[in-house]
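Results of the structural survey
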Amino acid sequence: MTRIFAVTFIWLSHIALASAANHLPYISRISAVAPDVISIEIQAGKRVPALQQPYSKGILDWVDDSRDRHRWIRQGKDVLGAVVGPKQDVLYPFDEFSGAKLDTRWADSASSYLLKSSVDINYSNGIKPTVVYRKSRPSDMARTGFWAFNWPMTHYLYLKLPKPLKEGTQYEIEFKNSSISRQTYIHNTRNVRSEAVHVSQIGFRPDDPRKVAFLSLWRGNGESQPYNDGLPFAVINSKTQQIVYRGKTKLTRSRYEAEDAYKQNYTGADVYVMQFDDLKTQGEYRVCVKGVGCSYNFPISKDAWRNAFATSVRGLFHQRSGIELGPPYTQYRRPRNMHPDDGVVVYHSRTPLMDTMNGINARGTAKDNFSDLINGKTSLVVKNAWGGYADAGDWDRRIQHLNSTRLLLELAELNPQYFAKLNLNIPESRNKLPDLLDEAVWGLDFFRRLQTPEGGIRGGIESMDHPRHGEGSWQESQTLMAYAPGFWSSHIYAGVAARAARILKPYDAKLAATYEASALKAMNWAEEEYKRRAHREMPHQARDDRNLAAAELFRLTGNETWHRLFRQTSEFHKASAPLKKWQHHDQTEAAFVYVNTPGADALIKRNAEMAILREADESIRIGQRTAFKWTKRNAWAWIGWGNLTVPDASTLVRAHYLTGKRQYLDAALLATQYGAGANPLNMVFTTGVGENSPKNPLVQDQRVSSQQPPEGITVNGPLETKRQLNHWLAKLFADEIYPRHALWPTAEAYFDVYDFAALNEFTVQSTIGPNAYIWGYLAARK
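Residues numbered from 1 in each chain as written. Predicted model: local features only at pLDDT ≥ 70, side-chain atom pairs only at ≥ 80, totals over all residues. Heavy atoms only, no water.

**Examining the overall build of the chain**
- Broken down by element type, the chain carries 20 helices and 32 strands.
- In terms of overall size, the chain behaves like a compact globule, its C-alpha atoms giving a radius of gyration of 27 Å where 782 residues would be expected to give roughly 28 Å.
- With respect to the principal axes defined by its C-alpha atoms, the chain has extents near 85 × 75 × 45 Å.
- Burial statistics for the chain: of 782 residues in total, 63% are counted as buried.
- At a minimum sequence separation of 6, the contacts of the chain that also span at least 24 residues come to 69%.
- Side-chain charges in the chain split into 98 positive and 81 negative, and the spacing between the mean points of these groups amounts to 3 Å. (Helix = DSSP H or I, 4+ residues; strand = E, 2+ residues; numbered from the N terminus. Rg over C-alpha atoms; globule rule 2.2 N^0.38 Å. Buried < 20%, exposed > 50% of the residue type's maximum accessible area, 1.4 Å probe, protein only. Contact = heavy atoms within 4.5 Å. Lys, Arg positive; Asp, Glu negative; His and termini not counted. Charge placed at Lys NZ, Arg CZ, Asp CG, Glu CD.)

**Digging into the pairing of strand β14 (residues 153-160)**
- The element β14 is extensively covered by neighbouring structure, given that 7 of its 8 residues are classed as buried.
- Of the strand pairs in this sheet, strand β2 (residues 37-44) and β14 are connected by 8 bridges, and their pairing is antiparallel. Within the sheet, the bridge partner assigned to Ile-40 lies in β14 and is Leu-157.
- Where strand β11 (residues 131-138) meets β14, 8 bridges bridge the pair, whose relative direction is antiparallel. Looking across to β14, one finds that Tyr-133 is bridged to Tyr-158. (Pairing = 2+ DSSP bridges.)

**Comments concerning the state of the cysteines**
- This structure, assessed with the given rule, holds 1 disulfide.
- With a sulfur-sulfur separation of 2.1 Å, Cys-288 is cross-linked through a disulfide to Cys-294. Handedness here is read from the sign of the S-S torsion; for Cys-288 and Cys-294, about 100°, the answer is right-handed. (Disulfide = S-S within 2.5 Å.)

**Some remarks on the sheet that holds β14**
- With respect to topology, 4 strands assemble into an open sheet ordered β1-β2-β14-β11, the strand pairing being antiparallel. Of all strands in the sheet, those bounded by a partner on one side alone are β1 (26-34) and β11. On average, adjacent strands in this sheet sit at an angle of 20° to one another, irrespective of strand direction. (Axes fitted to C-alpha atoms, helices over the stretch in contact; angles between N-to-C directions.)

**Structural notes on the pattern of salt bridges**
- Counted according to the given criterion, the structure contains 46 salt bridges.
- Glu-410 serves as the salt-bridge partner of Arg-499, at 3.4 Å between the closest nitrogen and oxygen. One end of the pair, Arg-499, is in helix α8 (residues 487-504); the other, Glu-410, is in helix α5 (residues 402-414), with 89 residues separating them in the sequence. For the pair shown, Arg-499 and Glu-410 are each scored as buried.
- Salt-bridge contacts for Glu-527 lead to Arg-546; the nearest nitrogen and oxygen are separated by 2.8 Å. Within this pair, whereas Glu-527 is found in helix α9 (residues 509-533), its partner Arg-546 is found in helix α10 (residues 540-557), the two being separated by 19 residues in sequence. Comparing Glu-527 with Arg-546, the two get one shared label, buried.
- Ionic contacts of the salt-bridge type, sharing partners, join the residues Glu-410, Glu-413, Arg-499, Arg-502, Glu-552, Arg-555, Glu-589 and Arg-654 into one network. (Salt bridge = Lys/Arg side-chain N within 4 Å of Asp/Glu carboxyl O.)

**Here's the deal with the side chain of Gln-319**
- Tracing the sequence through the fold places Gln-319 in the loop between α3 (304-318) and β26 (346-352).
- Take Gln-319: its relative accessible area is 4%, and that puts it in the buried class.
- In terms of polar contacts, Gln-319 uses its side chain to reach the backbone carbonyl oxygen of Ala-392, at 3.2 Å.
- Those residues in contact with Gln-319 that lie beyond four places of it in its chain are Gly-388, Tyr-389, Ala-390, Asp-391, Ala-392, Ile-713, Phe-762, Val-764 and Ile-768. (Polar contact = N/O pair within 3.5 Å; in protein donor to acceptor, adjacent residues only side chain to side chain.)

**Looking at the packing of aromatic side chains**
- Applying the stated criterion across every chain yields a total of 34 aromatic pairs.
- For the pair Tyr-123 and Tyr-171, a centre-to-centre distance of 5.5 Å together with 85° between the ring planes defines the contact as edge-to-face. Placement of the pair is Tyr-123 in the loop between β10 (113-116) and β11 and Tyr-171 in strand β15 (residues 169-175), with a sequence separation of 48 residues.
- What makes Tyr-171 buried here is its relative accessible area of 1%.
- Three or more aromatic residues joined by ring pairs form one cluster here, namely Trp-147, Phe-149, Trp-151, Trp-218, Trp-728, Phe-733, Trp-744, Phe-751 and Phe-756. (Phe/Tyr/Trp six-rings, centres within 6.5 Å; stacked < 30°, edge-to-face > 60°.)

**Here we look at the nonpolar core**
- Ranked by size, the top nonpolar core spans 167 residues in total, and within it Phe-309, Ile-399, Trp-488, Tyr-493, Leu-504, Tyr-515 and Phe-751 carry the most contacts.
- The dominant element in this core, judged by the number of residues it contributes, is α8, at 12 residues.
- Once you skip the residues sitting within four places of it in the chain, Tyr-493 turns out to touch Ile-399, Leu-402, Leu-444, Phe-447, Arg-448, Gln-451, Ile-457, Tyr-515, Ser-518, Ala-519 and Ala-522. (Core = buried A, V, L, I, M, F, W, Y, C linked by side-chain atoms within 4.5 Å.)

**Section: helix α12 (residues 588-595)**
- Judged by how many residues are buried, α12 sits mostly within the fold: 8 of 8 residues are covered.
- Every buried residue belonging to α12 is among Thr-588, Glu-589, Ala-590, Ala-591, Phe-592, Val-593, Tyr-594 and Val-595, and all of these are buried.

**Some points on the sheet that holds strand β17 (residues 197-199)**
- Pairing is antiparallel across the open sheet formed by 4 strands, whose spatial order is β17-β18-β22-β21. Pairing within the sheet leaves two strands with one partner each, and these edge strands are β17 and β21 (250-253). This sheet shows a mean twist of 35° between the axes of neighbouring strands, independent of strand direction.
- Relative to strand β22 (residues 271-275), strand β18 (residues 212-215) runs antiparallel, the two being bridged by 4 bridges. Counterpart to Val-212 in the pairing with β22 is Gln-275.

**Quick notes on the confidence of the model for the chain**
- With 97% of its residues at a pLDDT of 70 or more, the chain shows a mean pLDDT of 95.
- Here residues 6-21 is a poorly scored stretch, pLDDT under 50, and it has 15 contacts once near neighbours within four places are set aside; other chains count. (pLDDT = per-residue confidence, 0-100.)

**Focus: α8**
- Between its first and last C-alpha, α8 extends 25 Å over 18 residues, near the 26 Å set by a 1.5 Å rise per residue.
- Burial analysis of α8 places 18 of its 18 residues in the buried class, the great majority of the element. (Expected span 1.5 Å × (residues − 1).)

**Side note on the packing of α5 against α8**
- Following both chains from N to C, one finds α5 and α8 inclined at 25°, their axes separated by 10 Å at the closest point. When the interaxial angle is binned, α5 and α8 end up roughly parallel. Considering how the two elements wind past one another, α5 and α8 form a crossing that is left-handed. Judged by residue contacts, Leu-402, Thr-405, Arg-406, Leu-409, Glu-410, Ala-412 and Glu-413 of α5 engage Ile-492, Tyr-493, Val-496, Arg-499, Ala-500, Arg-502 and Ile-503 from α8. (Parallel < 35°, antiparallel > 145°, perpendicular 65-115°, else oblique. Left-handed = near helix turned anticlockwise from the far one by under 90°.)

**Quick look at the side chain of Thr-252**
- With respect to the helices, strands and loops of the structure, Thr-252 is situated in strand β21.
- The contacts of Thr-252, once residues within four sequence positions are left out, are Val-271, Tyr-272, Val-273, Ala-627 and Lys-629.

**Some words on a nonpolar patch on the surface**
- Residues Tyr-262, Trp-636, Trp-638 and Trp-641 make up a contiguous nonpolar surface patch of roughly 460 Å² in combined accessible area.
- Here Trp-638 shows up in the loop between α13 (602-625) and α14 (650-659).
- With a relative accessible area of 33%, Trp-638 lands in the partly exposed category. (Patch = residues over 30% accessible without salt bridge, like charges linked within 9 Å, V, L, I, M, F, W, Y side chains within 5 Å. Areas by Shrake-Rupley, 256 points an atom, 1.4 Å probe, with all protein chains shown as cover.)

**Thoughts on unusual backbone geometry**
- Residue Pro-328 is bonded to the preceding Pro-327 through a cis peptide linkage, with omega at 5°.
- Among the structural elements, Pro-328 can be located in the loop between α3 and β26.
- Backbone geometry at Asn-177 places phi at a positive 55°, although glycine is not the residue there.
- Structurally, the position occupied by Asn-177 is in the loop between β15 and β16 (183-187).
- The exposure class assigned to Asn-177 is exposed, which follows from its relative accessible area of 79%.
- Unusually for a residue other than glycine, Asp-755 sits at a positive phi of about 85°.
- Residue Asp-755 is classed as partly exposed on the basis of its relative accessible area, which comes to 24%.

Structure (structure tokens):
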């Protein structure tokens, strides 16, 4: 029978949800956002999650797989759900939706509210607001039928009052003609959290030279909440309740000012910064703005970045394929998946990854991600094909994932003593390697197992389509195929394996020698294959990864053959060469390798280092223009797919490592603030970090097993609003969101909704690994 996972602990929560009466909209929080504006958050509706259940085909049942990859169970015109697993003996039904929608016409009327106070004479007889503003966003998605959806919603109501509220005073709020009961609100802006005050929930090291918070609010149809420059703020010790720092707000960017080369403003509100760089005493704090309210609590601690990094890098552990996940290593549970000992078969495809749209489409013919791979399928079985990391919400394991392995190895090289002591609570924690190297080796070992006797490296393993609805990875029912060896994947592997061999030597000389031999074998095979296709025009990525592999092998072996190849393919013969030029080259990684290589060519080394510093200086200039101090390596990169949630600061930290100059550290620290919670949503975009992180990332295993998300998943986050509007989910919730979707500023337009891949998915190589790299550098730096 196909395994149904975690039925025992899931059913308890399901029964509790299902037995609860349909709840009416309720107030989840009341706070101030200005002396004369209070914010009321209302939750309306709840998803009751579908749960897998044993299934035996009924007389009237039939499987409809004619529309797409999914397999729907139909009884006449009714759809019961999706059948799951190779044996089709599990049913994944539909969600249920509990609760009622908020009457927004009632909510938008000032006559619906009355504020009274027995202390504040201005409110002794009861006063209604002068105006009510609103923004309403979906907080989840309930799929209640084959093409039926309901939307749990969070509504933010902003009541503009005719008189400012008095500090420390109690008010009664009546909700006229509503089932919502009278609420008591105490206006205490030294204690009550306000949506308008934003700070990193990671916190700061005492010696972090930049410590900041921000003040801003977009009120939906009320647009930007006006604040004055120079408002008093205080940092308060949350344990002693003593003020430890005082300062004043300063405008960083008005809502009318452009933030980048596209002349866009992404916040839609005036943004003010609050600096408290000089606060170095360890403790738990909050930032409070007079008359407005406070931020989430945050630590100042020598372990602030360490704790965040440990959670972030464990996102890789939670994406491991081929092992069971669960205690004592994690509270997130998942059976062993994609393992040959469980009967999983992987077939050889004649198609290399580089020739498909999942690679660099060097010679692909299809217009989708899978056809070229499928067209090359054979009946040959690839042995011992397991391990690696699931890419994202789906389960492919591709050579691009070695970007994360490379970054983990770099961290271990830059500060080996720090990471040698770090315990990540993984199954290998008791062996002789540092845990960080164990995690790096996990990703690399997968591709070494896929190495052919001749030396070629397969590009990875892929299902014939995206996951089927309702299936967990351990229930995969689609055919699995391994890409054919290709020179692009072999060059990538050779470079990372060479780096691993060099860094592993002090810890495990035998394993280091194994990787050195494997890297050389892969490189020699790749070079022969490259020559066969060198006459063809090919994407620059193929040339760049060859150049990087040569740099890594020269640094490992000192062999002039690889040095010569690197010099022949390097862009840095020119003093003006950038690290990256669109559609021409990207030798960012090779530049940093080479400037740290003994015996390097002095001219090329100098040019490579200057390219790093020029890009870092440009990142500083870009960050100075943005309201929340995020930055981009490229001024023309558009916002989305992780470049707000993941600090785009790798060049900044490398410049800091090379020069020790504080300006690069300052900019890197500021660039991390947005993804760490100092943003308009007050959300850390990495699961398990801080008090508010995504609940519905696109992790199908989590969804079908109805668990809390695994820790360490850094989601894509905000995407330019105009690029969201045609997504199928955006069209479905268009009538629920308010104001209309097109009017939402990009910084506000993140919706924690499963299946909205552009916002809520991620990848091992583009979000999890790079985020861990920056946080790890800030944790370990001296």
